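Listed here are the chains, written in short residue letters.
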Amino acid sequence: MNNDILTLINDVNPDVVRWRRHIHAHPDLSFHEKPTADYIADELSRMPGLEISRPMDNSVVAVLKGEYPGPIWALRADIDALPLQEESGEAFSSTKPNVMHACGHDAHAAMLMGAAAVLCQLRDRLRGSIKFIFQPAEEVPPGGARALVERGVVNDVEYIFGLHMAPNVPTGHIVMKEGIYVASSDNFDIAITGRGGHGSVPHLCIDPVVAGAEMVMALQNVVARNIDPLKAPVLTVATFQAGDSYNVIPNGARLAGTVRTHDAQIREQVKTLMARTVAGVAAAHGAQAEISWQEGYAVGVNHAATGTIAREAIERNFPAQTLILADAPLFGSEDFSSYQQKVPGSFLFIGCGNKEKGTEWGLHNPHFRIDEDALAVGVKTHVALASALLQGGA
């Protein structure tokens, strides 16, 4: 990467750290990110050449139009926090009880702001335009990406790229998975209706607890005995709620959980098999059961064209062995897939793990922290991804 661009990245790094710490200390939950979006928009307004819009009041889209004609590429960051009480011990910990940036979205926003600051200084070399998308509600389906897509934010975009913090990867490394990189995600609720009564006379009742317990075990066979092992999804029953007394058999019970798949056909097959299993177990106990679904995010697929752009940009602008090509997709999910259903895009992971600094806690953990040295890596990655639009490259 040219020395002048590296200088710009180094110069903006203190601001990136400041932005990240402010956003971290003032987190907003999904669909309530207007204060965060206001802060981002205000900081972006100080950067020359950006055209700022607010498709929703909790989002920000900034466009940098280049000096020369060309395509529009997009760079995206999510900005919402999680309902967790922070226990990281950071001096800039969350000021809001039970709200925390435990998934790195504060870093994502700050890195994209840093990239915007750098690229604004390179506008006279830019062929085309870059759209910076600060998106709400990644954590909660249906997700903010879908809403922005429906509002036409990427209708004019040729390619889109996104980054995510990865505490399981050492700082300085970048990870990309070609093709499928994350799973679809769907949540389910199962309402079981039996016939309650006294715990001393179970024969006069229809016990939804027993039916539910059998249902939990039977659902595991949906994966173990009905799906090709090479395409096996993850099916997790995470909640079992029933009753509140020692000697009362309740009228009902509730199961809830999630299904993750890497194949769209398997995604639909699992729903059919689960409905059959739930109905069968309930009938065997004389109970009734109804399953309902909260549709989540689609399978995330990195496109070949953007994958080539990303791989070549990293190999050209970073030291050898910086890029790690992952062998297997994750079972986590990402609403970045909503953009990828509309335009070709790639999603990469920025290592922020450093054992000596104590930044190896996993995502969505109340102790989660990042190695802030990773912020400069993220800014540089965004700039490298956009460098194909710069005359003379980066």
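So, how was this worked out
- Residues numbered from 1 in each chain as written.
- Predicted model: local features only at pLDDT ≥ 70, side-chain atom pairs only at ≥ 80, totals over all residues.
- Heavy atoms only, no water.
- Helix = DSSP H or I, 4+ residues; strand = E, 2+ residues; numbered from the N terminus.
- Rg over C-alpha atoms; globule rule 2.2 N^0.38 Å.
- Buried < 20%, exposed > 50% of the residue type's maximum accessible area, 1.4 Å probe, protein only.
- Areas by Shrake-Rupley, 256 points an atom, 1.4 Å probe, with all protein chains shown as cover.
- Lys, Arg positive; Asp, Glu negative; His and termini not counted.
- Charge placed at Lys NZ, Arg CZ, Asp CG, Glu CD.
- Salt bridge = Lys/Arg side-chain N within 4 Å of Asp/Glu carboxyl O.
- Polar contact = N/O pair within 3.5 Å; in protein donor to acceptor, adjacent residues only side chain to side chain.
- Contact = heavy atoms within 4.5 Å.
- Pairing = 2+ DSSP bridges.
- Axes fitted to C-alpha atoms, helices over the stretch in contact; angles between N-to-C directions.
- Parallel < 35°, antiparallel > 145°, perpendicular 65-115°, else oblique.
- Left-handed = near helix turned anticlockwise from the far one by under 90°.
- Right-handed = clockwise from strand over helix to strand, strands pointing away.
- Core = buried A, V, L, I, M, F, W, Y, C linked by side-chain atoms within 4.5 Å.

### With respect to the overall build of the protein
Here comes step 1: Looking only at helices and strands, the protein has nine helices and 16 strands in total.
Here comes step 2: For 394 residues, the compact-globule estimate of 2.2 N^0.38 gives 21 Å, and the protein sits close to it at 24 Å.
Here comes step 3: In terms of its C-alpha atoms, the protein occupies a principal-axis envelope of roughly 80 × 45 × 40 Å.
Here comes step 4: Going through the 394 residues of the protein one by one, you find that 53% of them count as buried.
Here comes step 5: For the protein, the accessible surface area stands at approximately 16,700 Å², while carbon and sulfur atoms represent 52% of it.
Here comes step 6: Here the protein contributes 31 positive and 44 negative side-chain charges, whose respective centroids are spaced 3 Å apart.

### Section: the pattern of salt bridges
Here comes step 1: Under the criterion given, the structure shown has 24 salt bridges.
Here comes step 2: Its salt-bridge partner being Asp 15, residue Arg 18 comes within 3.2 Å of it at the nearest N-O pair. A residue pair is termed a helical-turn pair when its members lie 3 or 4 positions apart in one helix, as Arg 18 and Asp 15 do in helix α1 (residues 3-25) at three residues.
Here comes step 3: Judged by its relative accessible area of 40%, Arg 18 is partly exposed.
Here comes step 4: Across the pair Arg 76 and Glu 334 runs a salt bridge whose closest N-O atoms are separated by 3.2 Å. Of this pair, Arg 76 sits in strand β3 (residues 68-78) while Glu 334 sits in the loop between β15 (323-325) and α8 (336-340); the two residues are 258 residues apart in sequence, bridging distant segments of the chain. By the burial criterion, Arg 76 is buried, and Glu 334 matches it.
Here comes step 5: Overlapping salt bridges, with partners in common, bring together Asp 15, Arg 18, Asp 42, Glu 43 and Arg 46 in one network.

### A look at the side chain of Glu 372
Here comes step 1: Secondary-structure assignment places Glu 372 in the loop between β16 (345-353) and α9 (373-386).
Here comes step 2: The class for Glu 372 is buried, based on a relative accessible area of 16%.
Here comes step 3: In this structure the side chain of Glu 372 is engaged in a polar contact, spanning 3.0 Å, whose partner is the side chain of Arg 20.
Here comes step 4: Apart from residues lying up to four places away in sequence, Glu 372 is in contact with Val 17, Arg 20, Arg 21 and Phe 92.

### A short note on the sheet that holds strand β8 (residues 184-193)
Here comes step 1: The strand order across the open sheet formed by four strands is β10-β12-β8-β13, and the pairing between neighbours is antiparallel. The open sheet is flanked by β10 (234-241) and β13 (288-295), the only strands paired with a single partner. Strand-to-strand twist across the sheet, computed as the mean angle between neighbouring axes with direction ignored, equals 20 degrees.
Here comes step 2: By the bridge criterion, seven bridges tie β10 to strand β12 (residues 252-261) in an arrangement that is antiparallel. Residue Thr 239 lies in a different strand from β12, and its bridge partner there is Ala 256.
Here comes step 3: Sheet strands touched by helix α6 (residues 264-284): β8, β10, β12 and β13. Its angle to β13, the strand with the most contacts, is close to 160 degrees.

### Quick word on the packing of α1 against α9
Here comes step 1: Two elements in contact, α1 and α9, have axes whose closest approach is 9 Å; the angle formed by their N-to-C orientations is 125 degrees. Classified by the angle between their axes, α1 and α9 sit oblique to one another. As α1 runs across α9, the sense of the crossing is right-handed. Between α1 and α9, the residues in contact are Ile 5, Leu 6, Ile 9, Asn 13, Val 16, Val 17 and Arg 20 and Leu 375, Ala 376, Val 379, Lys 380 and Val 383, respectively.

### As for the sheet that holds β16
Here comes step 1: With mixed pairing, eight strands are arranged side by side in an open sheet as β1-β2-β4-β3-β5-β16-β6-β15. Because the sheet does not close on itself, it has two edges, and the strands there are β1 (50-53) and β15. Direction aside, the axes of adjacent strands within the sheet are offset by 25 degrees on average.
Here comes step 2: Sheet strands touched by helix α2 (residues 34-44): β1, β2 (60-65) and β4 (127-135). Its angle to β2, the strand with the most contacts, is close to 20 degrees.
Here comes step 3: Sheet strands in contact with α9 are β3, β4, β5 (159-170), β6 (174-176) and β16, and its direction is about 160 degrees off that of β16.

### With respect to the pairing of β3
Here comes step 1: Note that β3 and β4 share eight bridges and pair parallel. Looking at the pairing, Arg 76 lines up with Ile 133 of β4.
Here comes step 2: Note on the crossover from β3 through helix α3 (residues 105-120) to β4: the handedness is right-handed.
Here comes step 3: Relative to β5, β3 is paired through four bridges, and the arrangement is parallel. The residue bridging Trp 73 from the neighbouring strand is Tyr 159, located in β5.

### Considerations on α2
Because an α-helix packs 3.6 residues into every turn, residues spaced three or four apart end up facing the same way.
Here comes step 1: Of all the positions in α2, only Thr 36, Ala 37, Tyr 39, Ile 40, Ala 41, Glu 43 and Leu 44 are classed as buried.
Here comes step 2: Where α2 is buried, its residues meet α1, β1, β2, α3 and β4.

### Describing the side chain of Lys 131
Here comes step 1: Along the polypeptide, Lys 131 turns up in strand β4.
Here comes step 2: A distance of 2.8 Å separates the side chain of Lys 131 from the side chain of Asp 156, its partner in a polar contact.

### Quick word on the nonpolar core
Here comes step 1: Counting 71 residues, the largest nonpolar core has Ile 5, Ile 40, Leu 44, Leu 50, Leu 119, Phe 132 and Phe 134 as the members making the most contacts within it.
Here comes step 2: Among the elements that line this core, the one with the most residues is α3, at 12 residues.
Here comes step 3: Those residues within four positions of Leu 44 in sequence are excluded, and the remaining contacts are Leu 50, Ile 52, Val 60, Ala 62, Met 113, Ala 116 and Phe 134.
Here comes step 4: Listed in part, the 25 residues of the second largest apolar core include Ile 266, Val 281, Ala 282 and Ile 291.

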